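Descriptive structure summary
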Number of protein chains: 2
Amino acid sequence: MEVTRRNFKDSLNAVYSAIEEADFLAIDGEFSGISDGPNVSALTNGLDTPEERYTKLKKHSMDFLLFQFGICTFTYDQTKSKYIIKPFNFYIFPKPFNRTSPDIKFICQSSSIDFLASQGFDFNKVFCNGIPYLNQEEEAQLREQTEERRNQHANGVGTPSYISPSSSKGPAHVPEEHKDFINRVIEKVEALFTNSEKTLDLEPCTGFQRKLIYQTLNWKGFTWKPSRQKRLERKERFIQVSKVDDEERKRREQQKLEKEQEELNDAVGFSRVVHAISKSGKLVVGHNMLLDVMHTIHQFYCPLPEDLQDFKEVTMCVFPRLLDTKLMASTQPFKEMITNTSLAELEKQLKEGPFKSPQVETAEGFPSYDTAQEQLHEAGYDAYITGLCFVSMANYLGSFLTPPKAYISARSKLIEPFFNKLFLMRIIDIPYLNITGPDLQPKRDHVLYVTFPKEWKTSDLYQLFSAFGNIQVSWIDDTSAFVSLSQTDQVQIAMNTSRYAESYRIQTYAEYIQAKQEKEKSGQTPKTWGEDGWVKSHYSSTTSAGFGYPRSGLSPIPDDDEEEEEEEEEGGSPEGIDLANNSEGTVTWQQATTRKGQKNKKKKTDG
Amino acid sequence: MEVTRRNFKDSLNAVYSAIEEADFLAIDGEFSGISDGPNVSALTNGLDTPEERYTKLKKHSMDFLLFQFGICTFTYDQTKSKYIIKPFNFYIFPKPFNRTSPDIKFICQSSSIDFLASQGFDFNKVFCNGIPYLNQEEEAQLREQTEERRNQHANGVGTPSYISPSSSKGPAHVPEEHKDFINRVIEKVEALFTNSEKTLDLEPCTGFQRKLIYQTLNWKGFTWKPSRQKRLERKERFIQVSKVDDEERKRREQQKLEKEQEELNDAVGFSRVVHAISKSGKLVVGHNMLLDVMHTIHQFYCPLPEDLQDFKEVTMCVFPRLLDTKLMASTQPFKEMITNTSLAELEKQLKEGPFKSPQVETAEGFPSYDTAQEQLHEAGYDAYITGLCFVSMANYLGSFLTPPKAYISARSKLIEPFFNKLFLMRIIDIPYLNITGPDLQPKRDHVLYVTFPKEWKTSDLYQLFSAFGNIQVSWIDDTSAFVSLSQTDQVQIAMNTSRYAESYRIQTYAEYIQAKQEKEKSGQTPKTWGEDGWVKSHYSSTTSAGFGYPRSGLSPIPDDDEEEEEEEEEGGSPEGIDLANNSEGTVTWQQATTRKGQKNKKKKTDG
């Protein structure tokens, strides 16, 4: 079901009950871009720590807009032995709801926009009919404002028809030339409140005088009602002042309260759906979902915390139970059977033996998706096939039971090992971010941090370390890289050889980490990107309009499916993960060469 | 005529000849936002210097995208005694044209996008079918790359069918495990070039081996042609190597050159239209056109220079003759007759006496606009009515001649006083930016720079200066403002009184400017915005993808027509300008009160 601002209110109950009845739900987001700084390969260094990766994504990905949000709810029907699904595709846009609401700015990345355009994405639906939203702080502010107005109201300050936040603060500053006019108005209004008339026509006035009248009468505490009149024949505008009796006032106030409440709910908009997911505590499934989770929290809850640990805690509050199908597919027992974990490929592989396509039925009133006619990169469709992938893999686990079971529920103990572990793109030796506990700390004793002149290419590094056999290179920026040796005992030899080198410098990984931590402690911003990269100070902000500071650059479009940040067909795909016993990943030569090619390209266009 | 990527190439000749034959042309741009920092009122302080205004616009407006460009050419037909017009409405989008091209990021401002959406703007046309563009540096880089490839080519390095910038740089680094394979390939290919065979089938290989083969053979200098083959029955892929004879090679090279040239022109895209306008030297008319000019230069020529004087020089190269209808309408003899200079209102007023609606005819094959059915904020339409306004005002000048003339050409001496003077929004005493000379330097002896606690409101300032009669307040940020006294000799009295004040501080305008200049000289970034404003350091960048650093904030949407940055109906409209004898503008009380209201609103939502 497609949901825009036009049908949002009418669809909300359907959304709520779909979430309420679901066994689990799958989500997916589409964004206006991926990285406002480095290209995606530099954003995802193979030897990032989880903290580094989180910091980079927070810094370079959060100023894009999550503008399409897909939810597909899956409810198992015992009698039919199949899942009943309800897919929703929401269009999201931060339409300012009044003059004091935040005027959000977001970044668009041309390559991402162009990619979505090529997939038939409807930008008009987003920008013209997107559902608004507020994060929790903005919502609280708005509620406070409304509350404040009500109180003024209850105290007889402020008027039912003209509310100005500044109007009740004190006497209006009346400029000399208007004083006579205003005094005459006050006298007349005072007279009105002592005689039996119901209304009073004031003299014609300008817009500015009108403002002064409102401010003065409100401050003086009259219970009155203005009505703007126009003497057509003379083209003059004047105000008619009416005394307001108690009953009418109460009725108006009640109407106004109700209208305000509705406007407030409208402004909170799509955030209400996210709150409902959150409150339901249901299992939320996504594919390669770290960015989706980060964006969801950032946009609909609060600006992301600086610290990874705080992020994990917030995440557990918002999504108490998460499952990442990319991580699941990269883990035993699936990793041996699944060669490509990109969503589209995974979905295809899980249709073939030993897996079984899950039996699903689209609930009545929902348009059904056809997996044969791929609608990839529509968030609702992606959420749908993500759910299918989860069901296939979960059911496959049932085949190991005695007796085997064909249906494994979302509450089964069998899938618990996969809970709350979010896939980490292209990190060699840390397959996932562990939301509910400490992250894996692989030994990186065999890793060297090398700095060198910016003319160096991957081949120079291979030459430098040619004595050490097979090495792996992970570029950090133009003048530094991690070099993983195949044997840890070679590290000391490499260090010794480098002692007198002038053109390059080698540190152990431990030294590198220590130096970095010291820099951070001493308050220096760590230099994460190279000279022609994107060194930037980062201001944290208290509203979701916070912006990163991208510096321009000729950044090559990554080879792979950037939108989804999927792995390339050849190369980067991890060797598979065993959750119990984490394998040490390897970078293939292919990867190193690709990286080198990119670096060369960059040099060429920069030069 | 609507022009997108789909019909751009086919329309180009029509565009060129329209420009070539025109007497003058009118332009207009639509942007994805106006300010990524302060709200528009703070961006346009009434006492900005031209340098300050330029710096603020450069910093806070250039990271938005100019995504619709309107051109309307006007050609006078003597026989018909009317203008023949050709309106064009171009959709612009920086679609990356290849993997090494810049991946432009641009900001969208929700309020601007929402405003355009409400006007029926078609975002899909921009994002799906926008015409690409390159600035001059990007174009030069691309030409250089192409040239380089041709040279490699001419030297027999590189292949006609497989170009990799890195391929000819040196021997491929062949990993140990592939060395045997590659050596076998080299032997076979060497044999091919000594025997009479034309082709050679290599062994099946992986993608990575394929890359190594390409790199090695290219580096070895073989003149060969690869063709990827697939043995369907065995699902194996292998390469067929063909010897390339001289004639075929030349033919292929020629084809390739032509294709490259065409691709290059496609990539330069809309910039070609701007170059044509520029080369034509024709009078270019716009309404309140400073931002249009800045964006056009920034997007299609070069990043804007730091210095205002340099900007003026660049502007004169790009647009040798400009005329701003908003400035013209605010200047004698028009200022007495025109009460509202916003484009829509101006167009209406110029239809009534003593002005005459110009006689125009839409050229054949162009859809005609109807001014009765306003299509405001479509760039092509806005350009059209801007041209109409210019013609009406120019012709009116003819009535002062003896004998009076009903038609005044775009080359008439009568309009020369209006050339190259761009309207400056809301500056009290400097009505325009003088592109071809020094700017006006009004005396600001009567202006004080006041700093105070952030709780202060306009009324506090009025109270402080109550002894001095009528004053004018121009807010700078939450803790500072300019206060203009009505008499210069009061300045010294105010300074003396303030000497022992603790809560506030007063400087003369001259002192303020001096302190600012010293700060700038000493390399400090001037603090332009207040604590909860947008203090930001600004990195300049060498490509058009340069980004400002907006800090989020709850910025009220300005009351007036933000898209066009038109004046409000009441208040801000300048008193009119006499180009010969610049009047001292005044801020009305209305303005001050409006500003105060905004400040209060801001406080409320921030709190």
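Naming follows an unreviewed UniProt entry, where chain A appears as Poly(A)-specific ribonuclease PARN of Sparus aurata. Within the UniProt record for chain A, the comment given under Catalytic activity (unreviewed entry) is "Exonucleolytic cleavage of poly(A) to 5'-AMP." The record in UniProt for chain A states the following under Sequence similarities (unreviewed entry): "Belongs to the CAF1 family."

Next up on the list: the state of the cysteines. The bond known as a disulfide is covalent and runs between the sulfur atoms of two cysteines. Tallied over the full model, the rule gives 0 disulfides over all chains. Between C108(A), a free cysteine, and C108(B), which holds the nearest cysteine sulfur, the sulfur-to-sulfur gap is 3.6 Å. In this model C302(B) remains outside any disulfide bridge; the closest cysteine sulfur is found in C317(B), 9.2 Å from its own.

Right, let's get into the environment of N7(B). Residues and elements named next belong to chain B. Inspection of the secondary structure assignment puts N7 in the loop between β1 (2-3) and α1 (8-21). Separated by 124 residues in the primary sequence, N7 and I131 place their C-alpha atoms 9.4 Å from one another. A distance of 3.0 Å separates a polar atom in the side chain of N7 from the backbone oxygen of E2.

Residue and element names in this part refer to chain A. When the domains of chain A are assigned, the result is domain 1 (2-133 + 269-434), domain 2 (176-247) and domain 3 (447-520). When each unit is reduced to the centre of its C-alpha atoms, the spacing between domain 1 and domain 3 is 38 Å. Between domain 1 and domain 3 the total buried area reaches about 590 Å² when both faces are included, carbon and sulfur atoms providing 48% of it. Together, N45, L47 and E52 form the three largest contributors to the area buried by domain 1 at its contact with domain 3, with a combined 72%. Between the two partners, domain 1 and domain 3, sit 1 salt bridge. Looking at the side of domain 1 that touches domain 3, its residues break down into 2 nonpolar, 3 polar and 1 charged.

Attention now goes to the sheet that holds strand β15 (residues 471-477) of chain A. All names here are of chain A. Ordered in space as β15-β16-β14-β17, the 4 strands form an open sheet in which the pairing is antiparallel. One side of each edge strand has no neighbouring strand; the edge strands of this open sheet are β15 and β17 (505-508). The average undirected angle you get between the axes of adjacent strands in this sheet is 25°. Pairing of strand β14 (residues 447-451) with β17 involves 4 bridges; the strand directions are antiparallel. Within the sheet, the bridge partner assigned to L448 lies in β17 and is T508. Docked against the sheet, helix α17 (residues 490-498) engages β14, β16 (480-485) and β17, running at close to 150° with respect to β17.

Residue and element names in this part refer to chain A. If you trace the backbone, A172 turns up in the loop between α6 (136-154) and α7 (176-192). The buried category is assigned to A172, whose relative accessible area is 16%. Taking C-alpha positions, A172 is 9.1 Å from Y214, a pair spaced 42 residues apart along the chain. Those residues in contact with A172, other than ones at most four positions away along the chain, are L212, Q215 and T216.

Below, the discussion takes up the sheet that holds strand β15 (residues 471-477) of chain B. All names here are of chain B. Pairing is antiparallel in the open sheet, where 4 strands are placed in the order β15-β16-β14-β17. Pairing within the sheet leaves two strands with one partner each, and these edge strands are β15 and β17 (505-508). For this sheet the average axis-to-axis angle between neighbouring strands, irrespective of direction, equals 25°. In the sheet, strand β14 (residues 447-451) pairs with strand β16 (residues 480-485) via 5 bridges, with the strands oriented antiparallel. Its bridge partner lying in β16, L448 is registered against V483. Its contacts with the sheet put helix α17 (residues 490-498) on β14, β16 and β17, and the angle it makes with β17 is roughly 150°. Across the face of the sheet, helix α18 (residues 509-521) comes into contact with β14, β16 and β17 while running at roughly 90° to β17.

What counts and what doesn't
Residue numbers restart at each chain and count upward from 1, following the sequence in its written direction. The naming scheme follows written order: chains are lettered A onward, ligands numbered 1 onward. Under the rules for a predicted model, residues below a pLDDT of 70 receive no local features and side-chain atom pairs below 80 are neither given nor counted, while totals for whole chains, interfaces and linings still include all residues. By convention in this description, side-chain values take in all heavy atoms of the structure and omit both hydrogens and water. UniProt positions are given in the numbering used here, feature names are shortened, and annotations may be inferred rather than shown by experiment. Disulfides are defined as pairs of cysteine sulfur atoms found within 2.5 Å of each other. The helix count covers DSSP runs of H or I at least four residues long, the strand count covers runs of E at least two residues long, and both are numbered beginning at the N terminus. Any pair of nitrogen or oxygen atoms within 3.5 Å is treated as a polar contact; in protein, a donor-acceptor pairing is required on top of that, and neighbouring residues in sequence qualify only through side-chain atoms on both sides. Throughout, the edges of the domains are those of an automatic or database domain assignment. Buried area counts how much accessible surface, traced with a 1.4 Å probe, disappears from two parts once they are put together, with both parts' losses summed. The salt bridge criterion pairs a side-chain nitrogen of Lys or Arg with a carboxyl oxygen of Asp or Glu, the two atoms within 4 Å. All amino acids are sorted into three groups, where Ala, Val, Leu, Ile, Met, Phe, Trp, Tyr, Cys and Pro are nonpolar, Asp, Glu, Lys and Arg are charged, and the leftover types, Gly among them, are polar. Paired strands are those between which DSSP finds at least two bridges. Helix axes are fitted to C-alpha atoms over the stretch in contact, other axes to C-alpha atoms as well, and angles between N-to-C directions run from 0 to 180 degrees. Contacts: residue pairs with any heavy atoms within 4.5 Å of one another. Residue exposure (1.4 Å probe, protein chains only): buried if accessible area is under 20% of the type maximum, exposed if over 50%, otherwise partly exposed.

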